[in-house]
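# Residue-level structural notes
Spelled out from the first residue to the last, the chains are:
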Amino acid sequence: MKRALMIMAAMAAISTSAMADQALATAKNCMACHAVDKKLVGPSYKDVAKKYAGDAKAADMLASKIVKGGSGVWGAIPMPANTQVSEAEAKKLAAWVLSLK
């Protein structure tokens, strides 16, 4: 019984963390161009996670692109810089995106 409660508590914590990171993405206006599971202006977050799965440098690279912007990886439409996102928030967002399956 104790083990089941511990597992349920861990799952709730993971779920809450995932929702909190999506809330951060919404608060920072990321969801205006991206969605978790479908392409909007930019790629879906699941497609990003799939592309960079297993890349040890992906989190740092994505965090940098979140803040500074980027172009050419997903097509002709560039991603603008997001100066309203701190470095710590960008790292949190990048880790969240890469965790999506």
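Residues numbered from 1 in each chain as written. Predicted model: local features only at pLDDT ≥ 70, side-chain atom pairs only at ≥ 80, totals over all residues. Heavy atoms only, no water.

### Points about helix α3 (residues 58-68)
We apply this condition: Categorising residues by exposure relies on relative accessible area from a 1.4 Å probe, with only protein chains included: less than 20% of the type maximum marks a residue as buried, more than 50% marks it as exposed, and the intermediate range marks it as partly exposed. By the criteria applied, helices consist of DSSP H or I runs no shorter than four residues and strands consist of E runs no shorter than two, each listed in order from the N terminus. For this quantity, the arc is that covered by the directions from the helix axis to the C-beta atoms.
Within α3, the full set of buried residues consists of Ala58, Leu62, Ala63 and Ile66. Projected onto a plane normal to the axis of α3, the buried residues spread over an arc of 130 degrees and lie on a single side. Pointing more than 90 degrees away from the buried face of α3 are the exposed residues Asp60 and Lys68.

### A look at the nonpolar core
Where a protein is soluble and globular, its nonpolar side chains tend to be buried together. Threshold: Note on terminology: a nonpolar core comprises buried Ala, Val, Leu, Ile, Met, Phe, Trp, Tyr and Cys residues joined through side-chain atoms within 4.5 Å.
Counting 20 residues, the largest nonpolar core has Tyr45, Leu93 and Trp96 as its most contacted members. The set of elements that each furnish at least two residues to this core consists of α1 (2-27), α2 (45-51), α3 and α4 (87-99). If one sorts the elements of this core by residue count, α4 sits on top with 6 residues.

### A look at the side chain of asparagine 82
We count it as follows: Between N or O atoms, a polar contact is any pair within 3.5 Å; within protein, one atom must be a potential hydrogen donor and the other a potential acceptor, and residues adjacent in sequence are included only when both atoms are from side chains. Contact between two residues is taken to exist if any of their heavy atoms lie within 4.5 Å; hydrogens are not considered.
Its place among the elements puts asparagine 82 in the loop between α3 and α4. Engagement of the side chain of asparagine 82 in a polar contact is seen with the backbone oxygen of isoleucine 66, the distance being 2.8 Å. If we ignore the near neighbours within four places in the chain, the residues touching asparagine 82 are Ile66 and Val67.

### With respect to the environment of alanine 88
In this fold, alanine 88 is placed in helix α4. Residues alanine 88 and alanine 63 lie 25 residues apart in sequence; the distance between their C-alpha atoms is 8.7 Å.

### Overview of the confidence of the model for the protein chain
This is how it is decided: A residue's pLDDT is the predictor's confidence in that residue, given on a scale from 0 to 100.
Here the protein chain averages 87 in pLDDT, and 80% of its residues register 70 or above. Low pLDDT, under 50, characterises residues 4-17; the predicted model gives this stretch 0 contacts beyond four residues in sequence or across chains.

### Structural notes on the packing of α3 against α4
A pair of packed helices is characterised by two quantities: the angle between their axes and the separation of those axes. To be explicit about the condition: Angles shown run from 0 to 180 degrees and are taken between the N-to-C directions of axes, each axis being a line fitted to C-alpha atoms and, for helices, limited to the stretch in contact. For classification, angles of less than 35 degrees are called roughly parallel, those exceeding 145 degrees roughly antiparallel, those between 65 and 115 degrees roughly perpendicular, and all remaining angles oblique. Left-handed describes a crossing whose near helix is turned anticlockwise from the far helix by less than a right angle; the clockwise case is right-handed. Amino acids are sorted into nonpolar (Ala, Val, Leu, Ile, Met, Phe, Trp, Tyr, Cys and Pro), charged (Asp, Glu, Lys and Arg) and polar (every other residue, Gly among them).
At a closest axis distance of 8 Å, the pairing of α3 and α4 adopts a crossing angle of 125 degrees. In this view, α3 runs oblique relative to α4, as classed from their interaxial angle. Both α3 and α4 take part in a crossing whose hand is right-handed. Facing Ala58, Ala59, Asp60, Leu62, Ala63, Ile66 and Val67 of α3, the residues of α4 in contact are Ala90, Lys91, Leu93, Ala94 and Leu98. Here the residues of the contact of α3 with α4 sort into 10 nonpolar, no polar and 2 charged.

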